[in-house]
Amino acid sequence: MNQSSVIRSDPDILGGTPVFVGTRVPVQALIDYIEGGHSLTEFLEDFPTVPQEIVIAALEQAHIHA
């Protein structure tokens, strides 16, 4: 899965805020969880509309570009 297939920015969805594809969940929510010391499991439990595979693919892309 490539980054363009897991993160979407569309002006009609949350004003163009990057979200996980197929959801209205901002990618920033995941970053906030991680920075706040929360686990990936907690994020997935709190945002059940975001599939684990998409979150992992986004994290892998972030790691590659870091």
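Residues numbered from 1 in each chain as written. Predicted model: local features only at pLDDT ≥ 70, side-chain atom pairs only at ≥ 80, totals over all residues. Heavy atoms only, no water.

**Q** Give a description of the pattern of salt bridges that names residues and reports values.
**A** All told, the structure shown has one salt bridge when counted by the stated rule. With a shortest N-O distance of 2.7 Å, Asp10 and Arg8 are connected by a salt bridge. Look at Asp10 and you get buried, because its relative accessible area is 15%. (Salt bridge = Lys/Arg side-chain N within 4 Å of Asp/Glu carboxyl O. Buried < 20%, exposed > 50% of the residue type's maximum accessible area, 1.4 Å probe, protein only.)

**Q** Residue-level account of unusual backbone geometry, with values.
**A** One non-glycine residue, Leu14, adopts positive backbone phi at about 50°. Here Leu14 is to be found in the loop between β1 (7-8) and β2 (19-20). By relative accessible area, which is 36% here, Leu14 ends up partly exposed. (Helix = DSSP H or I, 4+ residues; strand = E, 2+ residues; numbered from the N terminus.)

**Q** Explain the packing of aromatic side chains residue by residue, including any values.
**A** By the definition in use, this model includes four aromatic pairs. Centre to centre, the rings of Tyr33 and Phe43 are 5.4 Å apart; their planes meet at 85°, and the pair counts as edge-to-face. Of the two residues, Tyr33 is situated in helix α2 (residues 27-35) and Phe43 in helix α3 (residues 40-46); the sequence distance between them amounts to ten residues. Grouping residues by exposure puts Tyr33 and Phe43 together as buried. Pairing Tyr33 with Phe47 gives two aromatic rings, centres 5.7 Å apart and planes at 70°, and the pair type is edge-to-face. A residue pair is termed long-range when its members are at least 10 positions apart, and Tyr33 in helix α2 and Phe47 in the loop between α3 and α4 (52-64) qualify at 14 residues. (Phe/Tyr/Trp six-rings, centres within 6.5 Å; stacked < 30°, edge-to-face > 60°.)

**Q** Run through the nonpolar core, naming residues and quoting values.
**A** Core analysis: the largest hydrophobic core is formed by 15 residues, its most contacted members being Val6, Phe20, Val25, Phe43, Val50 and Val55. Counting residues per element, the ones that place at least two in this core are α2, α3 and α4. What Val25 contacts, discounting residues up to four positions off in sequence, is Pro18, Val19, Phe20, Phe43, Phe47, Thr49 and Val50. (Core = buried A, V, L, I, M, F, W, Y, C linked by side-chain atoms within 4.5 Å. Contact = heavy atoms within 4.5 Å.)

**Q** Residue-level account of the environment of Tyr33, with values.
**A** The exposure class of Tyr33 is buried, given its relative accessible area of 17%. In this structure the C-alpha to C-alpha distance between Tyr33 and Phe43, which are ten residues apart in sequence, comes to 6.7 Å. Ignoring anything within four residues of it in the chain, the contact list for Tyr33 reads His38, Glu42, Phe43, Asp46 and Phe47. A distance of 2.5 Å separates a polar atom in the side chain of Tyr33 from a polar atom in the side chain of Asp46. (Polar contact = N/O pair within 3.5 Å; in protein donor to acceptor, adjacent residues only side chain to side chain.)

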